[in-house]
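Fold and contact review
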Amino acid sequence: MKRKTYEKKLRNFCYQVNQLTSSRHMRDFRPGRPEFGVIPEHGKYAGVPLVSYQQMWDSIVECMKGTPFEGKI
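All of the points below concern the structure found in this document. Small disclaimer: the values here were computed from a predicted structure and weren't measured. (Residues numbered from 1 in each chain as written. Predicted model: local features only at pLDDT ≥ 70, side-chain atom pairs only at ≥ 80, totals over all residues. Heavy atoms only, no water.)

Orientation of helix H1 (residues 3–19) relative to helix H2 (residues 53–64), taken along the N-to-C sense of each, is 20°, at an axis distance of 9 Å. As the angle between them shows, H1 and H2 are arranged roughly parallel. In this structure, the crossing between H1 and H2 has a hand that is left-handed. Across from Arg-3, Tyr-6, Lys-9, Leu-10 and Phe-13 in H1, the residues of H2 making contact are Tyr-53, Met-56, Trp-57, Ile-60 and Met-64. Across the contact of H1 with H2, the residue classes break down as eight nonpolar, no polar and two charged. (Axes fitted to C-alpha atoms, helices over the stretch in contact; angles between N-to-C directions. Helix = DSSP H or I, 4+ residues; strand = E, 2+ residues; numbered from the N terminus. Parallel < 35°, antiparallel > 145°, perpendicular 65-115°, else oblique. Left-handed = near helix turned anticlockwise from the far one by under 90°. Contact = heavy atoms within 4.5 Å. Nonpolar A, V, L, I, M, F, W, Y, C, P; charged D, E, K, R; others polar.)

Below you can see the structure in the form of structure tokens.
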């Protein structure tokens, strides 16, 4: 996955989260760049440094499983 595709998916996800009823809305939809080289402790990539946008997106999707946001991704 390229950077632009990742950012587009993340902006869309943030917009979908804002559509849910909550007391706090996100004002900014600009996605930040992931910190590559971080080694997650849990999940699909546990113990492996994150080196691509696809790995970061997979981690976000995995974190949202079982939450109300799962269907928004």
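Past the structure itself, the notes keep going.
A few words on the pattern of salt bridges. Counting across every chain of the model gives three salt bridges. The partner of Arg-3 in a salt bridge is Glu-7, with the nearest N and O atoms 3.3 Å apart. Here Glu-7 and Arg-3 lie together in helix H1, a separation of four residues that amounts to about one turn. Residue classification places Glu-7 among the buried positions, given a relative accessible area of 13%. A salt bridge links Asp-58 to Lys-44; the nearest nitrogen and oxygen atoms lie 3.8 Å apart. (Salt bridge = Lys/Arg side-chain N within 4 Å of Asp/Glu carboxyl O. Buried < 20%, exposed > 50% of the residue type's maximum accessible area, 1.4 Å probe, protein only.)

Before going further, it helps to spend a moment on the nonpolar core. Formed by Tyr-6, Leu-10, Phe-13, Val-17, Tyr-53, Trp-57, Ile-60 and Met-64, the largest nonpolar core amounts to eight residues. Residue assignment for this core shows that the elements contributing at least two residues are H1 and H2. With sequence-adjacent residues up to four places away left out, Tyr-6 is seen in contact with Met-1, Gly-32, Pro-34, Tyr-53, Met-56, Trp-57 and Ile-60. (Core = buried A, V, L, I, M, F, W, Y, C linked by side-chain atoms within 4.5 Å.)

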